[in-house]
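# Structure at a glance
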There are 2 protein chains.
Amino acid sequence: MYDLEQLGKKAVQAKYELQRMCTEVKNNALRKVADALIENSHRIIEQNAIDLKHGEEKGMHPGLLDRLRLDENRIQGMAEGLKQVAELPDPVGEVLETIERPVGLQIEKRRVPIGVIGIIYESRPNVTADAFGLCFKSGNAVILKGGSDAIFSNIAITTVIREALAKEGICEDVIQLIESTDRSVVQEFMRMREYVDLLIPRGGAGLIRSVVDGSTIPVIETGTGNCHIYIDEYADFDKAIPIIINAKTQRIGVCNACESLVIHEAVSDRLLPRLAEALKEYHVEMRGDAKVQNVIDCVPASDEDYGTEYLDYIISMKTVSSVDEAIMHINRYNTKHSEAIITENAENAEKFLREVDAACVYVNASTRFTDGFEFGFGAEIGISTQKIHARGPMGLRELTSYKYAITGDGQIRK
Amino acid sequence: MYDLEQLGKKAVQAKYELQRMCTEVKNNALRKVADALIENSHRIIEQNAIDLKHGEEKGMHPGLLDRLRLDENRIQGMAEGLKQVAELPDPVGEVLETIERPVGLQIEKRRVPIGVIGIIYESRPNVTADAFGLCFKSGNAVILKGGSDAIFSNIAITTVIREALAKEGICEDVIQLIESTDRSVVQEFMRMREYVDLLIPRGGAGLIRSVVDGSTIPVIETGTGNCHIYIDEYADFDKAIPIIINAKTQRIGVCNACESLVIHEAVSDRLLPRLAEALKEYHVEMRGDAKVQNVIDCVPASDEDYGTEYLDYIISMKTVSSVDEAIMHINRYNTKHSEAIITENAENAEKFLREVDAACVYVNASTRFTDGFEFGFGAEIGISTQKIHARGPMGLRELTSYKYAITGDGQIRK
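These lines cover the structure that appears in this document, whether it is placed above or below. Fair warning: this is a prediction, and the values are worked out from it, not measured in the lab.

Thresholds applied
- In every chain, residue numbers begin from 1 and rise along the written sequence.
- Here every chain gets a letter starting at A, and every ligand a number starting at 1, in the order they are written.
- Reporting in this predicted model follows two pLDDT cut-offs: at least 70 for local features of residues, and 80 or more for side-chain atom pairs to be given and counted; totals over whole chains, interfaces and linings ignore these cut-offs and use all residues.
- As a convention, hydrogens and water are excluded, and side-chain values are obtained from all of the structure's heavy atoms.
- Segments assigned H or I by DSSP are reported as helices when at least four residues long, segments assigned E as strands when at least two residues long, and all are numbered from the N terminus.
- In this treatment the radius of gyration is a C-alpha quantity, and the globule benchmark scales as 2.2 Å times the residue count to the 0.38 power.
- Relative accessible area decides the class of each residue, using a 1.4 Å probe on protein chains only: under 20% of the type maximum gives buried, over 50% gives exposed, and in between gives partly exposed.
- Residue contacts are counted whenever heavy atoms from the two residues lie within 4.5 Å of one another.
- Note on areas: these come from Shrake-Rupley sampling with a 1.4 Å probe, and a residue is covered only by the protein chains present in the view.
- Copy-to-copy superposition: least squares on the C-alpha atoms, limited to residues that have pLDDT of at least 70 in both copies.
- Working definition: a ring pair exists when centres of Phe, Tyr or Trp rings (six-membered ring for Trp) sit within 6.5 Å. Plane angles under 30 degrees give stacked, over 60 give edge-to-face, the rest tilted.
- Our definition puts a charge over a ring when NZ of Lys or CZ of Arg is within 6 Å of the ring centre and also within 35 degrees of the ring normal.
- The term salt bridge refers to a side-chain nitrogen of Lys or Arg lying within 4 Å of a carboxyl oxygen of Asp or Glu.
- When DSSP locates at least two bridges between a pair of strands, those strands are taken to pair.
- All axes are obtained by fitting lines to C-alpha atoms, using only the stretch in contact for helices, and the reported angles, taken between N-to-C directions, cover 0 to 180 degrees.
- Buried area, as used here, totals the accessible surface that two parts lose on assembly, with accessibility defined by a 1.4 Å probe and the loss added over both.
- Residues are grouped as follows: Ala, Val, Leu, Ile, Met, Phe, Trp, Tyr, Cys and Pro are nonpolar; Asp, Glu, Lys and Arg are charged; all remaining types, including Gly, are polar.
- When the strands point away from the viewer and the path from the first strand over the helix to the second turns clockwise, the crossover is right-handed.
- A helix is expected to span 1.5 Å multiplied by its residue count minus one.

### A word on the overall build of chain A
A count of helices and strands for chain A gives 15 helices and 16 strands. Taking 22 Å as the expected radius of gyration for a compact globule of 414 residues, we find that chain A reaches 24 Å, a close match to that expectation. C-alpha extents for chain A along the principal axes are approximately 70 × 70 × 35 Å. The buried share among the 414 residues of chain A stands at 61%. A separation threshold of at least 6 residues defines the contact pool for chain A, and within that pool the share at least 24 residues apart is 72%. Split by element, the accessible area of chain A, about 15,900 Å² in all, is 47% carbon and sulfur.

### Quick look at unusual backbone geometry
All names here are of chain B. The phi torsion at Asn364 lies on the positive side, around 55°, for a residue other than glycine. Relative to the helices and strands, Asn364 resides in strand E13 (residues 360-365). The class for Asn364 is buried, based on a relative accessible area of 5%. One non-glycine residue, His389, adopts positive backbone phi at about 75°. Looking at His389, the relative accessible area reads 15%, which means it is buried.

### Concerning the relation of the copies chain A and chain B
Between the two copies of this chain, the relationship is a rotation about some axis together with a displacement along it. Expressed as a screw operation, the relation of chain A to chain B combines 0.0 Å of axial shift with a rotation of 180°, fitting to an RMSD of 0.0 Å. The two molecules are tied by a two-fold rotation axis, judged by turn and shift. When each C-alpha of chain A is compared by its distance to the rotation axis, His389 of chain A comes out closest, at 1.8 Å.

### A few points about the packing of aromatic side chains
Taken as a whole and judged by the stated rule, the model has 14 aromatic pairs over all chains. Taken together, the ring pairs in this structure connect Phe375 and Phe377 of chain A together with Tyr402 and Tyr404 of chain B into an aromatic cluster. The ring of Tyr402 of chain B is capped by Lys109 of chain B, whose NZ or CZ atom sits 4.2 Å from the centre of that ring.

### Looking at the environment of Asn256 of chain B
Residue placement: Asn256 of chain B occurs in the loop between helix H10 (237-249) and strand E8 (258-264). Accessibility expressed as a relative area gives 4% for Asn256 of chain B, which makes it buried. The spacing of Asn256 of chain B and Ile99 of chain B is 157 residues in sequence and 39 Å in space, taken between C-alpha atoms. Not counting residues within four places of it along the chain, the set of residues in contact with Asn256 of chain B comprises Arg413 of chain A together with Cys227, His337, Thr367, Arg368 and Thr370 of chain B.

### Some remarks on the pattern of salt bridges
Oppositely charged side chains are able to pair whenever their charged atoms sit close together. What the rule picks out here adds up to 68 salt bridges over all chains. Lys336 of chain A is the partner of Asp357 of chain A in a salt bridge, and the nearest nitrogen-oxygen pair spans 3.9 Å. Of this pair, Asp357 of chain A sits in the loop between helix H15 (346-355) and strand E13 (360-365) while Lys336 of chain A sits in the loop between helix H14 (323-333) and strand E12 (338-342), and the two are 21 residues apart along the sequence. Accessibility classification places Asp357 of chain A together with Lys336 of chain A in one group, the buried group. The shortest N-O distance in the salt bridge between Asp303 of chain B and Arg332 of chain B comes to 3.8 Å.

### Focus on the sheet that holds strand E5 (residues 175-177) of chain A
Within a sheet, each strand pairs with its neighbour through backbone hydrogen bonds, oriented either parallel or antiparallel. Residues and elements named next belong to chain A. Strands sit in the order E5-E4-E3-E6 across an open sheet of four strands; the sheet is parallel. Sheet topology places E5 and strand E6 (198-202) at the edges, where each strand pairs with a single neighbour. Here the strands of the sheet are splayed against their neighbours by 20° on average, with no regard to which way each runs. Both strand E3 (residues 116-121) and strand E4 (residues 141-145) contribute to a ladder of five bridges, which runs parallel. Along E4, the bridge assignment pairs Ile117 with Val142. Along the sheet, helix H6 (residues 126-137) contacts E3, E4, E5 and E6; its crossing angle with E3, the most-contacted strand, is approximately 160°. Packed onto the sheet, helix H7 (residues 151-167) meets E3 and E5 and runs at close to 155° relative to E5.

### As for the side chain of Ser41 of chain B
Along the polypeptide, Ser41 of chain B turns up in helix H3 (residues 41-57). For Ser41 of chain B, the contacting residues outside a window of four places in its chain are Glu72 and Ile75 of chain B.

### Notes on helix H9 (residues 205-214) of chain A
When H9 of chain A is considered as a whole, its buried residues turn out to be Leu207, Ile208, Val211, Val212 and Gly214 of chain A. On its buried face, H9 of chain A sits against E3 and E6 of chain A.

### Brief notes about the interface of chain A and chain B
Taken together, the contact between chain A and chain B spans 79 residues of the former and 80 residues of the latter. Counting each side, the surface lost to burial between chain A and chain B is near 6,600 Å², with a carbon and sulfur contribution of 48%. Among the residues chain A hides against chain B, the three largest losses belong to Ile388, Tyr404 and Arg413 of chain A. Together they make up 13% of the total. Summed over the shared surface of chain A and chain B, the number is 16 salt bridges. Residue Glu97 of chain B pairs with Arg397 of chain A through a salt bridge whose shortest N-O separation is 3.1 Å. Of all the secondary-structure elements, those providing two or more residues to the side of chain A that touches chain B are helix H1 (4-19), strand E1 (95-100), strand E2 (106-113), H9, helix H10 (237-249), H15, E13 and strand E16 (400-411) of chain A. Of all the elements, E16 of chain A adds the most residues to the side of chain A that touches chain B, at 11 residues. Among the residues making up the side of chain A that touches chain B, the classes are represented as 34 nonpolar, 17 polar and 28 charged.

### Some thoughts on the sheet that holds strand E4 (residues 141-145) of chain B
Residue and element names in this part refer to chain B. With parallel pairing, four strands are arranged side by side in an open sheet as E5-E4-E3-E6. Strands with a single pairing partner mark the edges of an open sheet, and in this sheet they are strand E5 (175-177) and strand E6 (198-202). Mean inter-strand twist for the sheet, computed between neighbouring axes without regard to direction, equals 20°. One ladder, built from three bridges, connects E4 with E5; its direction is parallel.

### Observations concerning the pairing of E13 of chain B
Among the six residues of E13 of chain B, six are classified as buried, and the element is accordingly described as predominantly covered. Summarising the sheet, E16 of chain A and E13 of chain B pair through five bridges and their orientation is parallel. Note that in E13 of chain B the partner of Ile406 of chain A across the bridge is Tyr362 of chain B. On the question of chirality, the crossover connecting strand E12 (residues 338-342) of chain B to the parallel E13 of chain B by way of helix H15 (residues 346-355) of chain B is right-handed.

### Examining H6 of chain A
A turn of α-helix holds 3.6 residues, and therefore any two residues three or four places apart point the same way. All names here are of chain A. Between its first and last C-alpha atoms H6 spans 17 Å; for 12 residues at 1.5 Å apiece the expected length is 16 Å, and the two agree. With 10 of 12 residues buried, H6 is to be regarded as a mostly interior element. Listed in full, the buried residues belonging to H6 are Val127, Thr128, Ala129, Ala131, Phe132, Gly133, Leu134, Cys135, Phe136 and Lys137. In the stretch just after H6, Gly139 is the one whose phi turns positive, near 85°.

Here it is in structure tokens:
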């Protein structure tokens, strides 16, 4: 029996220690951990080789094997990520607001760490170091549950981090890894509300769904993106086509890639032939409604297509007769991630910005910009697609909560 | 079979309409609804009488019957509450931040409604109008599930509100009541994540636990308060005693009432006799640890006492030898609601403010101030005791989310 409760208790203990830690100590520790990862890269690569061997034996997809693989370069990247986080401003302690009440109370709203954060993720082992860095800097203890495919790599990375922290005199339980690969342990983990304040699943739609369904801990859903680009009747095609190509093809497997086009019927005749030519160059399969099929050669699109995040060289296309119809279509099928309008009409742009229900809504820009680094947050733990707590790219600030510190001199309530 | 899905779809439709509504239209509607409640008070009181009769027949506790009872005065109070909400600033549309990116993108972080909010509450029917007012003003459609004890009252109030909205040409589905009293319907409601963005349970610990356990919709836990007052070795007793009496006795059944005292051993000999005298005047039963028992006559306190929210004329007492021990004890037993230190020592005060894990931490003031009105929020939907999204008193702003509106002129990601 894996003792999860013990892990929970240790995390709570570590969180109090971490909450008292000053910024300089945290930054110094992050840099030391970064150095330790590089110094111990041979150990990590050795353990990673075991995961790779198991993966090959199981016939793992080459793409997944590549995501799993660690080499000197990738470990260097992990270390640099930690050093960058050390450079970012510490969100903890920021005074968000002060309120003076007539009764003489001074209320200060202060930014504080959340406490203990659980992260459940799939096979990329670099998440282990990334998630640690962001949680640690924002004052949160972290409990990690990585995929069983990467278990040897994750144990090695966590061990190196814990050793480096211990050398600095820091409680190593600020990072803990669930080493059991038993599925029932994950189920139990998701119900440890007494110890864990927030759970962030990172991975495919299946993983996220199972966490949302099984967790009693508050969850932030991340990363499912059925993103649309709407080409308005007032679109400038010289902006539209490069944006569509960029959003669809620059990286197909990411959540902010474009999966569907919504096209105003007034421009479809002129736009579609040009667009089809450009998309063909990138080998993108087009699936269109009847009106699209009238203009270009394409696969018929079904209702299911409109609801699908392809993560592939496929795009669906829907014709509409107004910006209102476009907004309705998008709000019906999107995953509240990132949506764009291409238009030179300010009124339609503002209407789209206001009425489309998504974390990030764009005018004349690629949906691919939805990213913590692109937004200038300096880091990112994921893209939230829900509306509670944090929405869109989540950086350090999004890993914090607040408390009210109230000072009086004997006030009682009448 | 109760058609919850239909309710969900209607709420989503209503939410889009509500999100487009301007402040003046919302405020005017709130005032018209307030007038309608007063004009129709006889209808409401008539239906309330049926609930009261059923309650009496079931042998409902007189205190609960009183909470259930509506009269002209209480309906007047509900109407005034709505008029006050109409006076509050509209949180929707506020620009929280603007970010200019080197690539030329203009990012605006805008405050937006959450969408559809579900509220599950117990027998007080005035919550029906209060919750509607706050959700409506903050641009959210609301689905209410009140207690079966108040079903006739809740139907009457909701009907009056919907009629008044319809008269103003506003989609009446911005407020919907689940009229079924079947428990399985609540279970199904809590899993309607596709339609409902946030669920707020209001009521006792049992209700909240069942929502947390059964819901797949994000939940904000409210209202459980095992609140402590720590009397430091540097406490001014002339502040301590009135604060303790106020926090314990001013209203015993509320979540911000004090349930437990933590006393520094250096002052217990001098403080306890004076305190015991004061508490006896208010008929408060004292339950103390061995050291307290040495000084005053009291009931022995168990570990269970320290973890109990009495909501009664009972208080537990624990002796400690330092502010650190006090903080540890409080962090172990509290419900993260409201905690206070009584001290004239600035260092201990700041240590307590920083290290105690609670929504509201007080220096030299009564815990009873944890309240949306006392904080100047002008309204309150509940007190959040979790750290995700909102913490402490939740007013209009806490019923909102945000979105990023990004404007470019053709930017693509390199």
